[in-house]
Amino acid sequence: MTAMLELDGVSRRFEKKLDGVERFARRLGADLKETCVNAVDSASFSIARGEVVGLVGESGCGKSTLGRMVAGLLPVSDGTIRFEGTDVTDAKSAQARDKRLRIQMIFQDPMSSLNPRMKVADIVGEAAVYHGLTTRAGVTGYVDALLAKVGLDPAFAHRYPHQMSGGQRQRIGIARALAVQPEFLICDESIAALDVSIQAQVINLFQDLRRELDLTYLFISHDLGVVEHIADRVVVMYLGRVVEIAPTEALFDAPRHPYTQALLDQVPRLGAGRQTFRTVKGEIPSPLNPPPGCHFHPRCPMAGPRCSREVPRTISQGGHTTACHLHDGGTA
Ligand SMILES: Nc1ncnc2c1ncn2[C@@H]1O[C@H](COP(=O)(O)OP(=O)(O)OP(=O)(O)O)[C@@H](O)[C@H]1O
Ligand code: SF4
Ligand SMILES: [Mg+2]
């Protein structure tokens, strides 16, 4: 399989400087330091054309930050992102900018990601005209065709976002992303805000579009049931680090990393209920001060002496990747 998207050691740090009051308090003796969060810490994996890759992990583990870096909405601190062989990390060249346009992101809350003062026709058509994918004269037909593609009547072109339901707004968000003819979509909790019945419709739409337009997805979701349904492979993150990558069936049938095992233990596997995971036993440590060695060691039932001292190496065996000492020499 040739990679469409390749991440090599991609990291993102957020530094929080002290404000004036805090600097003053520090001068008076308060124990205040500038802080840094490693929101994404050296992520390396690739995605093949046509694949759907799920990205899961507890809140704050860096999923959105990773997605935003891939979409070019957030600069990386370190590492390289390649798309179809072109380095798009900084998107400085025209070729890299053109490639970047092929990657689009669909957000959780369509209401806040759509301009409330713009009509659908402009929301969907604006970028296509700007990038020369249609002309001013042809934009009405272009938008109508996109609305049809996402299952909406052309009459929606004259509406404003507040005149539509959540599901319709999310379809507009999808049409807007499709307007620039992307090949790769990052869906960041794109169905989480919708009613359960509408979620199923939007998932079906994603699957239809995948077939019709030969799309590739990075699908970020809290809902493991949805990920199991839609993804070919799954990437699991914990406190900024990728801890396991595996084909969906292998991951759900036989997760190898203790964190993934704990995550899946929380999910009722029988019955038709929703499969949103709750938090794994134990507190999520502060990302400002993550535990040394393997970040998971304070919560890990398998932790041994190496775990608090050494960062686990990433080991791949038969398409299944884990970062855990148990899989690197056999003892933790
Ligand atoms: N703009 C920012 N400035 C400072 N810190 C940030 C910023 N964006 C994210 N972070 C921090 O980076 C870490 C990862 O956040 P991120 O939003 O990527 O997590 P997530 O996995 O998407 O979480 P959720 O499931 O809640 O959406 C968190 O500790 C978060 O507080
Ligand atoms: S490295 Fe150690 S603490 Fe981390 S998951 Fe493996 S056994 Fe648990
Ligand atoms: Mg997020």
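Conventions we followed
Residues numbered from 1 in each chain as written. Chains lettered and ligands numbered in written order. Predicted model: local features only at pLDDT ≥ 70, side-chain atom pairs only at ≥ 80, totals over all residues. Heavy atoms only, no water. Near = heavy atom within 4 Å. Polar contact = N/O pair within 3.5 Å; in protein donor to acceptor, adjacent residues only side chain to side chain. Areas by Shrake-Rupley, 256 points an atom, 1.4 Å probe, with all protein chains shown as cover. Helix = DSSP H or I, 4+ residues; strand = E, 2+ residues; numbered from the N terminus. Nonpolar A, V, L, I, M, F, W, Y, C, P; charged D, E, K, R; others polar. 1 Å grid on protein atoms, 1.4 Å probe; cavity = no way out; pocket = protein on both sides within 12 Å on 5 of 7 lines; lining within 4 Å. Sits in = over half its atoms within 2 Å of the grid points. Domains from an automatic or database assignment. Contact = heavy atoms within 4.5 Å. Buried area = accessible area lost by both parts, 1.4 Å probe. Salt bridge = Lys/Arg side-chain N within 4 Å of Asp/Glu carboxyl O. Core = buried A, V, L, I, M, F, W, Y, C linked by side-chain atoms within 4.5 Å. Buried < 20%, exposed > 50% of the residue type's maximum accessible area, 1.4 Å probe, protein only. Expected span 1.5 Å × (residues − 1). Pairing = 2+ DSSP bridges. Axes fitted to C-alpha atoms, helices over the stretch in contact; angles between N-to-C directions.

(A) Highlighting the site of ligand 1. Close contacts around ligand 1 come from Phe14, Val37, Ala39, Ser59, Gly60, Cys61, Gly62, Lys63, Ser64, Thr65, His222 and Pro287, and that covers them all. One of the backbone nitrogen or oxygen atoms of Cys61 is found 3.2 Å away from an oxygen atom of ligand 1. Within the side chain of Lys63, one N or O atom sits 2.8 Å away from an oxygen atom of ligand 1. For ligand 1, whose unbound accessible area comes to 640 Å², protein coverage reaches 61%. Elements that contribute at least two residues to the shell around ligand 1 include exactly strand S2 (35-48) and helix H2 (63-70). Tallying contributions element by element places H2 first for the shell around ligand 1, with three residues. Within the shell around ligand 1, the residues separate by chemical class into five nonpolar, six polar and one charged.

(B) Broad picture of the site of ligand 2. Taken together, 14 residues sit near ligand 2, with Cys294, Cys300, Cys307, Cys324 and His325 positioned nearest. Among the cavities detected, the one that contains ligand 2 is the largest cavity. Residue classes in the shell around ligand 2 are distributed as 11 nonpolar, three polar and no charged.

(C) Representation of the domain arrangement of the protein within the structure. Partitioning the protein into domains gives domain 1 (3-102 + 186-283) and domain 2 (109-181). Domain 1 puts 13 residues into the contact, and the matching count from domain 2 is 11 residues. Both sides together, the interface formed by domain 1 and domain 2 hides about 1100 Å², and carbon and sulfur atoms give 70% of it. When the buried area of domain 1 at its contact with domain 2 is split by residue, Leu101, Arg102 and Leu205 rank highest and sum to 40% of it. Counting every contact that joins domain 1 to domain 2 gives zero salt bridges.

(D) The arrangement of the nonpolar core in detail. Ranked by size, the top nonpolar core spans 59 residues in total, and within it Ile172, Ile174 and Phe206 carry the most contacts. Counting contributing residues, this core receives three or more from each of domain 1 (3-102 + 186-283) and domain 2 (109-181). Apart from residues no more than four positions distant in its own chain, Phe206 is found in contact with Ile106, Ile174, Cys187, Ser190, Ile191, Tyr217, Phe219 and Ile230. Counting 32 residues, the second largest nonpolar core, distinct from the first, contains Leu7, Leu55, Ile103 and Met105.

(E) Representation of helix H8 (residues 196-213) in the model. A rise of 1.5 Å per residue sets the reference length of H8, with its 18 residues, at 26 Å; its end C-alpha atoms lie 26 Å apart and thus fit the reference within 8%. Listing the buried residues of H8 in full gives Gln199, Val202, Ile203, Leu205, Phe206, Gln207 and Leu209. Buried positions along H8 lie against strand S6 (103-106), helix H6 (139-149), helix H7 (166-178), strand S7 (184-188), strand S8 (216-220) and helix H9 (224-230). Backbone geometry just after H8 places Asp214 at a positive phi near 55°.

(F) Molecular detail of the sheet that holds S8. Taken in spatial order, the eight strands make up an open sheet running S6-S7-S8-S3-S9-S10-S12-S11, and their pairing is mixed. Single-partner strands in this sheet number two, and they are S6 and strand S11 (314-317). This sheet shows a mean twist of 20° between the axes of neighbouring strands, independent of strand direction. Here S11 pairs with strand S12 (residues 320-323) via four bridges, running antiparallel. Residue pairing in the sheet places Thr314 in a bridge with Ala323 of S12. The strands that H7 touches are S6 and S7; relative to S6, the one it contacts most, it runs at about 170°.

(G) View of the sheet that holds strand S5 (residues 86-87). Read across the open sheet, the four strands follow the order S2-S1-S4-S5; overall the sheet is antiparallel. Edge positions in the sheet fall to S2 and S5, since each has one partner strand and no second. Direction of pairing for strand S1 (residues 3-16) relative to S2: antiparallel, over a ladder of 10 bridges. Following the sheet pairing, Leu7 is matched in S2 by Phe45.

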